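Residue-level structure breakdown
As a plain string of letters, each chain reads:
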Amino acid sequence: MAMNVREWTREHFMANQLDCKQLLENSDALQEIPCLNSLSLDYFKEGQLVKFRGMIQDIFNPEYYYENYEVKDTNTGASSIRSGMFMDLTQCSPQEQLSLNSPNNKHSERQPFFVISVPGLNDWANRKSSLIDISTAVKNVNKRSHETTEEELMDCSEPTKKKEKTSDSCDSAMESSKSNQSTSGIVSMEHILNFPIPNQDGKACIVKVYENDEIHKLNDVIDIIGFLSLDPAQCVSDNGDESMDDMEVQTHNPPVSMVPRLHAIKVVPLKENIISRDPVIMSKAELIRSDLQMFLSKLLFDDTLAADYLICHLISSIYMRKDFLCLGSFPINITKFPLEKYKDFSKELYGVLTQLIPKSHFVELTLENLNDMSFTPKKDYQCNRLTSGVLQLSNNTHLVIDETHLTLGQVTPCGRKNYDTLNKLVQYQKISYDFQFYMVDYETDIPVLILSETKSFIPCPTQVPLKVDDETVNVYPQVLEAAKQYLKDETRLENIRQYLNILRHGNFEFNDQMTKIIQEDFVKMRQVNKSFTGDNLHTLMVFARLMALSYGKNTLTSDIWKKTFEFEVERIGRIPKRNEH
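Each chain carries its own residue numbering, running from 1 in the direction its sequence is written. Local features are withheld for residues below a pLDDT of 70 in this predicted model, meaning they are given only at 70 or higher, and side-chain atom pairs are given and counted only at 80 or more; totals for whole chains, interfaces and linings count all residues. Side-chain metrics in this entry use all non-hydrogen atoms of the structure; hydrogen atoms and water are not considered.

Some points on the overall build of the protein chain
- Across its full length, the protein chain carries 20 helices and 22 strands.
- Summary of the burial criterion: residues with accessible area below 20% of their type's maximum are buried, those above 50% are exposed, and those between are partly exposed, where the area comes from a 1.4 Å probe applied to protein chains only. Here the protein chain, with 581 residues, has 52% of them falling under the buried criterion.
- The contacts of the protein chain with a sequence gap of at least 6 include a subset with a gap of at least 24, amounting to 78%.
- If you sum the accessible surface of the protein chain, you get close to 27800 Å²; carbon and sulfur atoms cover 49% of it. Strands are runs of DSSP state E lasting at least 2 residues, helices are runs of H or I lasting at least 4, and numbering of each runs from the N terminus. Residues count as neighbours in contact if any of their non-hydrogen atoms are within 4.5 Å of one another. Each accessible area is a Shrake-Rupley estimate made with a 1.4 Å probe; only the visible protein chains count as cover when residues are assessed.

A closer look at the packing of aromatic side chains
- Stacked, edge-to-face and tilted are the three classes for Phe, Tyr and Trp ring pairs, Trp counted by its six-membered ring, which pair at centre distances within 6.5 Å; planes under 30 degrees apart are stacked, over 60 edge-to-face, the rest tilted. Counted under the stated rule, the structure contains 25 aromatic pairs.
- Considering the side-chain rings of tyrosine 309 and phenylalanine 330, the 6.3 Å spacing of their centres and the 15 degrees angle between planes classify their relative orientation as stacked. Pair noted here: tyrosine 309 is in helix 11 (residues 304-314) and phenylalanine 330 is in the loop between strand 13 (325-327) and strand 14 (332-335), with a separation of 21 residues, a long-range link. As far as burial versus exposure is concerned, tyrosine 309 and phenylalanine 330 are alike and both buried.

Some thoughts on the side chain of glutamate 568
- Residue placement: glutamate 568 occurs in helix 20 (residues 558-574).
- Residue class for glutamate 568 comes out buried when judged on its relative accessible area of 8%.
- Ignoring anything within four residues of it in the chain, the contact list for glutamate 568 reads Tyr309, Leu540 and Phe543.

Section: the confidence of the model for the protein chain
- A score between 0 and 100, pLDDT records how confident the predictor is in each residue. Here the protein chain shows a mean pLDDT of 85. Residues at 70 or above account for 86%.
- Counting contacts from residues 131-153, a segment whose pLDDT is below 50, to residues more than four positions away or on other chains yields 47 contacts.
- Within the model, the stretch residues 158-184 combines pLDDT values under 50 with 45 contacts to residues more than four positions away or in other chains.

Focus on the packing of helix 19 (residues 534-550) against helix 20
- Axis lines are fitted to C-alpha atoms, over the contacting stretch for helices. Their N-to-C directions set the angle, which ranges from 0 to 180 degrees. Taken N-terminus to C-terminus, the directions of helix 19 and helix 20 make an angle of 130 degrees; their axes are 9 Å apart at the nearest point. Comparing the axis directions of helix 19 and helix 20 gives the class oblique. Handedness of the crossing formed by helix 19 with helix 20: right-handed. Taken together, the residues of helix 20 that come into contact with helix 19 (itself represented by Leu540, Phe543, Ala544, Met547 and Ala548) are Ile560, Trp561, Lys563, Thr564, Phe565, Phe567 and Glu568.
- Gly is put with the polar residues, along with every residue not named as nonpolar or charged; the nonpolar set is Ala, Val, Leu, Ile, Met, Phe, Trp, Tyr, Cys and Pro, and the charged set is Asp, Glu, Lys and Arg. The residue makeup of the contact of helix 19 with helix 20, split by class, is 9 nonpolar, 1 polar and 2 charged. If an angle is under 35 degrees, it is roughly parallel; if it is over 145, roughly antiparallel; if it lies from 65 to 115, roughly perpendicular; otherwise it is oblique. Two helices cross in a left-handed way if the nearer one is turned anticlockwise from the farther one by less than a right angle. They cross in a right-handed way if the turn is clockwise.

Things to note about the sheet that holds strand 22 (residues 463-465)
- At least two bridges found by DSSP between two strands are what make those strands a pair. Strand order in the open sheet made by the 5 strands is 15-18-21-14-22, with parallel pairing throughout. Both outer strands of the open sheet, strand 15 (360-364) and strand 22, are each paired with one neighbouring strand and no more. Direction aside, neighbouring strands of the sheet carry axes that sit 20 degrees apart on average.
- Relative to strand 22, strand 14 runs parallel, the two being bridged by 3 bridges. If you follow asparagine 333 over to strand 22, its bridge partner there is glutamine 463.
- Along the sheet, helix 12 (residues 345-353) contacts strand 15, strand 18 (398-402) and strand 21 (448-451); its crossing angle with strand 15, the most-contacted strand, is approximately 170 degrees.

Remarks on the nonpolar core
- Put simply, buried Ala, Val, Leu, Ile, Met, Phe, Trp, Tyr and Cys residues joined by side-chain atoms within 4.5 Å make one nonpolar core. If you look at the biggest cluster of nonpolar residues, it comprises 70 residues, and the most contacted ones within it are Phe295 and Leu296.
- At 9 residues, helix 19 tops the list of elements feeding residues into this core.
- Setting aside its immediate chain neighbours within four residues, leucine 296 contacts Ala307, Leu310, Ile311, Leu314 and Leu353.
- By size, the runner-up hydrophobic cluster in this structure holds 42 residues, among which are Leu41, Leu228, Leu386 and Tyr419.

Structural notes on helix 10 (residues 285-299)
- For a helix, the expected span equals 1.5 Å multiplied by the number of residues minus one. Counted at 1.5 Å a residue, the expected span for helix 10 with its 15 residues is 21 Å, and the 21 Å between its end C-alpha atoms agrees.
- Close packing links the buried residues of helix 10 with helix 9 (279-283), helix 11, helix 12, helix 16 (476-486), helix 17 (490-504) and helix 19.
- Taken from the residues just after helix 10, phenylalanine 301 is the one with a positive phi, measuring 60 degrees.

A short note on the pattern of salt bridges
- Each reported salt bridge corresponds to a side-chain nitrogen of Lys or Arg within 4 Å of a carboxyl oxygen of Asp or Glu. Summed over all chains, the structure comprises 23 salt bridges.
- Salt-bridge contacts for glutamate 570 lead to arginine 574; the nearest nitrogen and oxygen are separated by 3.1 Å. With glutamate 570 and arginine 574 both in helix 20, this residue pair falls 4 residues apart, about one helical turn.
- Accessibility expressed as a relative area gives 35% for glutamate 570, which makes it partly exposed.
- Salt bridges linked by common partners bring Glu63, Asp88, Arg110 and Lys208 together as one network.

Section: helix 20
- Across its 17 residues, helix 20 extends 25 Å between first and last C-alpha, which sits within 8% of the 24 Å expected from 1.5 Å per residue.
- Considered for burial, the residues of helix 20 that qualify are Ile560, Trp561, Thr564, Phe567, Glu568, Arg571 and Arg574. Down the axis of helix 20, the smallest arc covering the buried residues is 145 degrees, so these residues share one side. Away from its buried face by more than 90 degrees, helix 20 exposes Asp559, Lys562 and Gly573.
- If you follow the buried residues of helix 20, they end up packed against helix 11, strand 22, helix 18 (512-528) and helix 19. By arc we mean the arc of the directions from the helix axis to the C-beta atoms, nothing more.

Here's the deal with unusual backbone geometry
- Despite not being glycine, aspartate 302 shows a phi value in the positive range, around 65 degrees.
- Mapping aspartate 302 onto the fold places it in the loop between helix 10 and helix 11.
- Even without glycine at this site, glutamine 429 takes up a positive phi of about 50 degrees.
- Classification of glutamine 429 by relative accessible area gives buried; the value is 2%.

So, a nonpolar patch on the surface
- Here, patches come from residues exposed beyond 30% relative accessible area and free of salt bridges, joined within 9 Å for like charges and within 5 Å for nonpolar side chains (Val, Leu, Ile, Met, Phe, Trp, Tyr). Where nonpolar side chains cluster on the molecular surface, the patch consists of Tyr381, Phe437 and Tyr438 and spans about 380 Å² of accessible area.
- Tracing the chain through its elements places tyrosine 381 in the loop between strand 16 (378-380) and strand 17 (385-387).

Side note on the pairing of strand 14
- Alternating residues of strand 14 divide into Ile332 and Ile334 and Asn333 and Thr335, and every residue in both groups is buried.
- Where strand 14 and strand 21 come together, 3 bridges link them in parallel fashion. By the bridge assignment for strand 21, isoleucine 332 is matched with leucine 449.

Regarding the side chain of asparagine 418
- Relative to the elements of secondary structure, asparagine 418 occurs in helix 14 (residues 413-428).
- What makes asparagine 418 buried here is its relative accessible area of 3%.

Examining the packing of helix 10 against helix 17
- Following both chains from N to C, one finds helix 10 and helix 17 inclined at 110 degrees, their axes separated by 10 Å at the closest point. Considered as vectors, helix 10 and helix 17 are oriented roughly perpendicular to each other. Contacts between helix 10 and helix 17 involve Ala285, Ile288, Arg289 and Leu292 from the first element and Asn495, Ile496, Tyr499 and Leu500 from the second.
- When the residues that make up the contact of helix 10 with helix 17 are grouped by side-chain class, the tally is 6 nonpolar, 1 polar and 1 charged.

Put into structure tokens, the structure is as follows:
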């Protein structure tokens, strides 16, 4: 087609759907489409084709709309059929009237999602996923819906009760919308955006999906390509449903300046588990691992054992669920660091980790935060929406919990609920969403790293007490500075990032010979230590799998198994028999 993809209109797409969809399979064509994530809405105009990457925070009820509708000219009596697809508002000029009872009207259904910027996305990953041609977007800054038209816009969606909008009602709607954009009204901006964790630059869109070839779930990260809807007439209280109160109306119809509408023509789930094994990275896996182990061990006060466990944690990902087990999950609890000298150790370590992994979130777990924070998403029936909680995160978002400032005190019912939520996340990789009258378990894949002075109060199967080198403690500020300089080598840093990303989703199999050896060693371990259970064996096998993957192997070798076994013996030997709580 001659028309450039960034110049597509709704009409062009509907007239050439097959060709357009085929062109959208071309990654070069996708690069031409401007991205909502990176720029202010001032750079865009009504009806423009855009793309947006985000996480599905809520799924609204299906919305009825006119796929086709008949309009009658009140002066001439002539009628015409128009399409309501990929827009919120029907098109009628002042002398035209929507024929509500026309047999030519076709009612259809579309699925709205509330999609937000991916929570916990670190700066480098955000920049990497948002590379667009800004110069092209700048050209559109003065083109946004200032372009005049003779057509009046009317609400195209059909809530419970359908009614015709008149010219006066649209004018009133636009004035009311302007007022709503300048004042918070009943609800605040924070309420409307509904981010699980604060995000100053975060964006939100109401995405309307017409074709549901795939099942989209809460917390899925998706790429959307669609036509932008920015007209303020659509977002005010007169939405045609008299059963909705003001709170629900404002929540589901927020100002477009805050939450634009996006009519999807293509939705692509980010299948993070489908990642090719880059042969270049795989050929250098052992070398990259060696560099990473050295780097992390310095940050962990020269403890190479702890560095090995941390590497395995960073590449951990659930590959199978069986009964109550999450095969592949590898939460760890690092303890016994010199807190008296370095009170900010947890934040410093987290700051470095954010340079290596795409998504993460740091939770400072004080008694106050435990009692006051909302970890669990909850259904708000007054607004008819899911109010987010801190742990409404997409898969592979690393959660770092800092317990170093946790003190003794009274735990409230909310604190107990938060504790139970964290416990369930660590043990079973599930979070119970609160629908007030019942709870619904949602499966997650959120790697959890707990940093505490002594054993965490959250049960964690793998505690790693640090064996601190005194000389490193004395020069730790210089170690941190050296670490920051070390990561300024872009090639080295990119290699580490790719290494962690690829191995997180690596293919792996236990061969029959190694399975037999593991079973024999388990029997020997049970003879020496009666407290060694099947759960310990499960953790050990997960660790062995991750150790093998970390060396770029897709199966376990006897040497790596031996090393893994020795590491576990050393780790357990560091834990006092009567562990502190």
